[in-house]
Amino acid sequence: MTRGPATRDPGRLGAATEHAGQLRAAAMLAWRAGPAALLSQLGASVLAGVLPVLTAWATKLILDGLNRRSAGGTVLVLAVLLGVLGVVSAAVNLAGRYAQNQLGRSVTMAADGGLYRALNRFVGLVRFEDPQFQDRLQLAGQSGRGAPGQLVRAGLSLGQGAITMAGFLGTLVAIGPWMAAVVVAAAVPTLRAEFAISRRRADLMWRTGHAMRREIFYAHLLSDVRAAMEVRLFGLGEFFRLRMMRELSAIHDANRRLDRRELLTQGALSTLGALTTGAGLVWAIAAARSGALTVGDVSVFVAAVAGTQAALTTMVRDTAVGYHNLLMFGHYRAVVQAGPDLPVPPAPAAVRPLRHAIELHDVWFRYSAGHPWVLRGVDLAIPCGTAVALVGGNGAGKSTLVKLLCRFYDPTRGSIRWDGLDLRDLAVADLRARIGAVFQDFMTYDLSARENIGVGDLAALDDLDRIAAAADRARVDAVVTALPQGYETLLTRTFTDHTDRTDPTTGVLLSGGQWQRVALARAFLRDRADLLVLDEPSAGLDAEAEYDIHTRLRRHRAGRTTVLISHRLSAVRDADQIVVLRDGVVAEQGNHAELMARAGQYARMFALQARGYRADSPAAGAMAPAGG
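Residues numbered from 1 in each chain as written. Predicted model: local features only at pLDDT ≥ 70, side-chain atom pairs only at ≥ 80, totals over all residues. Heavy atoms only, no water.

Asker: Which residues make up the sheet that holds strand β3 (residues 387-391), and what values do they have?
Answerer: Strand order across the open sheet formed by six strands is β6-β7-β8-β3-β9-β10, with mixed pairing between neighbours. Each edge of the open sheet is held by one strand with a lone partner, namely β6 (435-438) and β10 (585-590). The sheet shows a mean angle of 20 degrees between the axes of neighbouring strands, direction not considered. Two strands pair when backbone bridges link them, and strand β9 (residues 577-582) and β10 are joined in this way by five bridges, in the antiparallel orientation. Following the sheet pairing, I578 is matched in β10 by G590. (Pairing = 2+ DSSP bridges. Helix = DSSP H or I, 4+ residues; strand = E, 2+ residues; numbered from the N terminus. Axes fitted to C-alpha atoms, helices over the stretch in contact; angles between N-to-C directions.)

So, in C-alpha cells, the structure goes:
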C-alpha cells in the first residue's frame with residue numbers, strides 16, 4: 001500500500017521542521033554578525049567551485065594540442081591561461097580563508113552576546129540550580145560560537161562542491177556516462193554512514209556533558225587560588241586530580257569507541273572509492289589504447305573522476321558536519337529561546353516605596369515536586385520601618401524565605417505582598433532596586449575595590465564620594481585607602497590591569513573579615529532601598545568587629561524595614577520581632593523579652609549560647625548550627 005501524506009511519520013516531519021528552523025536561525029545569526037564577510041565567502045566559494053573544472057579542461061586542451069603538434073601559439077596561450085587559473089585559485093583560497101576567519105570572530109561575538117543576553121532574562125535561580133540546564137548551557141556556549149560559522153562553511157562548501165561536481169559530471173557524461181552513474185552511486189553509502197556518525201557524535205556530546213562539567217570543576221579546584229589553601233592543607237591535590245582524570249578517561253573512552261567505529265566505516269568507504277577510481281582509470285587507459293579516447297580525454301577523465309569523487313566526498317562530509325552542528329546548535333537555541341523561568345506580568349504594577357508592610361499569606365514552598373516542603377503555610381507580617389529577625393536551626397527555611405522575598409523563586413502556594421500587591425504582579429528589576437542585601441555567601445569579585453563596592457548600586461559606580469561614605473560606614477575605608485592604588489586597587493591576584501601588569505603591588509588579597517566589610521559597604525551603598533536583608537552579616541568577624549558592625553547596622557537600619565538572619569542571638573535580641581522557624585513553620589514569634597518569658601525554643605537556644613561564654617562551662621563556643 002502506498003503511504004500518502006497523511007501516513008508520514010510525524011516525528012520525522014517535526015524533526016525536519018525543527019532542523020529547518022535551526023538552519024534559518026544559524027544563517028540569520030551569521031548574516032547579522034558579518035554580512036560583508038558572508039558575501040565574500042560566497043563569492044570565493046563560487047569561484048573555487050568553477051576553477052578546478054576550468055583547470056582540468058585547460059590541461060586537456062594543452063595535452064591534445066601537444067599530441068597533435070598543433071600551433072604552438074595556441075598551446076602557449078592555453079599554458080598562460082593555466083598559470084593564470086593557478087594564481088586566481090591561490091588568491092581565491094586566501095581571500096576565502098580571510099573572510100572565513102572574519103566571519104568566525106563576528107559570529108562568536110554575536111552568539112556570546114545573544115547567549116548571555118538570554119541568561120540575563122532569567123530573573124530567578126530555578127534554571128541555574130538545574131544540573132540538566134547546566135549541561136545544556138555548556139553545550140550552548142560551545143555550539144553557539146562554532147556552529148553557525150561551521151554551518152555557513154558547510155553550506156558554502158556544499159555549493160562549491162556542487163558547482164565542481166556538476167562540471168566534472170558533465171565531463172564524465174560526455175566521455176563515459178556509465179562512470180558518472182557509478183561515481184554517484186558510490187557516494188550514497190558514504191552519505192548514510194556520515195549522517196549516522198554525526199548523530200552518534202552529537203548524542204555522545206550530550207551524554208558526556210555532565211562528565212565534562214565535573215572534569216572542569218576538578219581542574220578549577222586544582223588551579224583556583226581560593227581553593228589552594230585547603231587543597232594543600234588537607235592534601236587533596238592527588239585526590240581531585242584522580243577524580244578529574246577519571247572523568248576525563250570516561251569521556252575519552254566514549255570518544256575512542258566512536259572513533260574506532262568511524263575509522264572502520266570510513267576505511268570501508270575509502271576502499272570503495274579507490275576501487276571505483278581504479279576501475280575508471282583501467283577503462284580510460286584501455287579506451288585510449290584502442291583509440292576511442294585521446295591523451296587529453298584520459299587526462300580530463302581522470303581529473304573528472306577524481307574531482308567528482310572528491311567533490312562528492314567533501315559534500316557528504318560537509319553535509320554530515322553541518323548536520324552535527326545543526327544538532328548541537330539546537331542546544332544554543334534551546335537556551336536563547338527559553339521562556340522566562342518565573343512568570344512575568346505583561347503590564348507590571350509600579351513598585352512604590354514601602355509604606356505599610358510586606359506580608360506572607362499561607363506561603364508553601366519546595367524546590368521541585370520531588371523535594372520536601374521547605375516552608376509549610378507561613379503567615380508573617382513585616383511592618384514598614386521595623387526589624388524582623390529570623391532564627392532557627394539548619395533547614396528551618398530562613399534563607400529560603402529570603403530568596404522568596406527577593407523573588408528568586410515564587411511560592412508554590414500562597415502569596416507575598418508588598419503593600420498589598422503580589423510580588424508576582426510587580427516588575428522584578430524595580431522590586432529588587434528597592435532591596436539591599438548582604439548574603440551569607442557574598443561575592444568576592446575579581447575587580448577593583450571601587451567596583452567591588454560600586455556594584456551595589458551601578459548608578460554610583462563612578463561616584464567615589466558615595467562609595468567612600470559607604471566604605472566608612474562599614475569601617476573598611478581606612479583599609480582600602482591604605483592599598484597601593486587606593487580604591488582602584490584590584491582585589492585579586494588572578495588578573496592584572498593592562499596599565500600596571502609589571503607592578504608587583506598590583507592586586508591585593510583581603511582577609512575574610514575585610515571582605516565581609518566590603519560586602520557590607522556594598523549593601524550600605526544602596527541607601528535608598530526600602531528593604532534591607534542581612535543574612536549572617538557578621539560571619540567571619542572577630543568579637544570586637546562583630547560588636548562594631550552590629551552597632552553600625554542598628555544605626556543604619558533605624559527606621560528601615562529589615563530582615564535579619566543570624567545564629568548569634570545576641571545580634572538579634574533588639575529586633576522588633578523575632579520569628580523562630582522550625583520545620584518550615586513559624587514556631588514562635590515575639591520580641592526578645594516575650595520569647596524568653598515563654599521559655600520555648602528561642603529561650604533554650606539563647607541560654608545555650610549564653611552558657612558558652614561562662615568561664616566555668618565546658619560548652620564554650622557551643623552555638624546553634626549555621627545554615628538554613
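From this point, the narrative continues.
Asker: Explain the pairing of strand β7 (residues 531-535) residue by residue, including any values.
Answerer: In terms of burial, β7 is largely enclosed, as five of its five residues are buried. Burial of β7 is two-sided: the residues L531, V533 and D535 facing one way and the residues L532 and L534 facing the other way are all buried. Here four bridges tie β6 to β7, and the two strands are oriented parallel to one another. Paired with I435 across the two strands is L531, which belongs to β7. Here β7 pairs with strand β8 (residues 561-565) via five bridges, running parallel. When the bridges of β8 are listed, L534 appears paired with L564. (Buried < 20%, exposed > 50% of the residue type's maximum accessible area, 1.4 Å probe, protein only.)

Asker: A description of unusual backbone geometry should follow, citing residues and the corresponding values.
Answerer: Within the chain, R407 stands out as a residue other than glycine whose phi angle is a positive 55 degrees. Note on placement: R407 falls in the loop between α10 (398-405) and β4 (413-418). Here R407 falls in the buried class, since its relative accessible area comes to 0%. The residue R475 is not glycine, and still its phi comes out positive at about 60 degrees.

Asker: Which residues make up the sheet that holds strand β2 (residues 375-383), and what values go with them?
Answerer: An order of β2-β1-β4-β5 is seen for the four strands of this open sheet, with the pairing classed as antiparallel. Edge positions in the sheet fall to β2 and β5 (421-422), since each has one partner strand and no second. Strand direction decides the pairing type here: strand β1 (residues 357-365) and β4, joined by five bridges, are antiparallel. Looking at the pairing, E359 lines up with R417 of β4. Against the sheet, α10 makes contact with β1, β2 and β4, and its axis sits at roughly 120 degrees relative to β1, the strand it touches most. (Contact = heavy atoms within 4.5 Å.)

Asker: So what's going on with the packing of helix α13 (residues 464-473) against helix α15 (residues 512-525)? Which residues, and what values?
Answerer: At their nearest, the axes of α13 and α15 sit 8 Å apart, and the two run at 125 degrees to each other. The angle between α13 and α15 places the two elements in the oblique class. In this structure, α13 meets α15 at a crossing whose hand is right-handed. For the pair α13 and α15, the contacting residues are R466, I467, A470, A471 and R473 in the first and A521, F524 and L525 in the second. Partitioned by chemical class, the residues of the contact of α13 with α15 number six nonpolar, no polar and two charged. (Parallel < 35°, antiparallel > 145°, perpendicular 65-115°, else oblique. Left-handed = near helix turned anticlockwise from the far one by under 90°. Nonpolar A, V, L, I, M, F, W, Y, C, P; charged D, E, K, R; others polar.)

Asker: Would you mind going over the packing of aromatic side chains in detail, with residue names and values included?
Answerer: Considering all chains together, one arrives at 10 aromatic pairs under this definition. Seen in terms of ring centroids, F329 and Y332 are 5.3 Å apart; in terms of plane orientation they differ by 20 degrees. Their pairing is stacked. Pair noted here: F329 and Y332 are both in helix α9 (residues 295-336), with a separation of three residues, about one helical turn. A relative accessible area of 1% means that F329 is categorised as buried. Look at F408 and F439: their rings are 6.3 Å apart centre to centre, the planes differ by 55 degrees, and that puts the pair in the tilted class. Separated by 31 residues along the polypeptide, F408 in the loop between α10 and β4 and F439 in the loop between β6 and α12 (449-454) bring together distant segments of the chain. Residue class for F439 comes out partly exposed when judged on its relative accessible area of 31%. (Phe/Tyr/Trp six-rings, centres within 6.5 Å; stacked < 30°, edge-to-face > 60°.)

Asker: So what's going on with the environment of T489? Residues and values would help.
Answerer: With respect to the helices and strands, the residue T489 is situated in the loop between α14 (477-481) and α15. With 39 residues separating them along the chain, T489 and R450 place their C-alpha atoms 8.0 Å apart. Once residues lying within four places of it in the same chain are set aside, the contact partners of T489 are L447, S448, A449, L483, P484 and V508. Within the structure, the side chain of T489 is placed 2.8 Å from the backbone nitrogen of Q485, a separation counted as a polar contact. (Polar contact = N/O pair within 3.5 Å; in protein donor to acceptor, adjacent residues only side chain to side chain.)

Asker: Lay out the nonpolar core with the relevant residues and their values.
Answerer: By size, the foremost hydrophobic cluster in this structure holds 40 residues, and its most contacted members are V391, I453, V476, L520, L569, I578 and Y602. Elements represented by at least two residues in this core include exactly β3, α12, α13, α15, β7, α16 (543-557), β9 and α18 (601-611). It is α15 that contributes the most residues to this core, eight residues altogether. Setting aside its immediate chain neighbours within four residues, I578 contacts A389, V391, V572, R573, E588, Q589, G590, N591, H592, L595 and Y602. I358, V363, L423 and L426 belong to the second-largest nonpolar core, a separate cluster that totals 32 residues. (Core = buried A, V, L, I, M, F, W, Y, C linked by side-chain atoms within 4.5 Å.)

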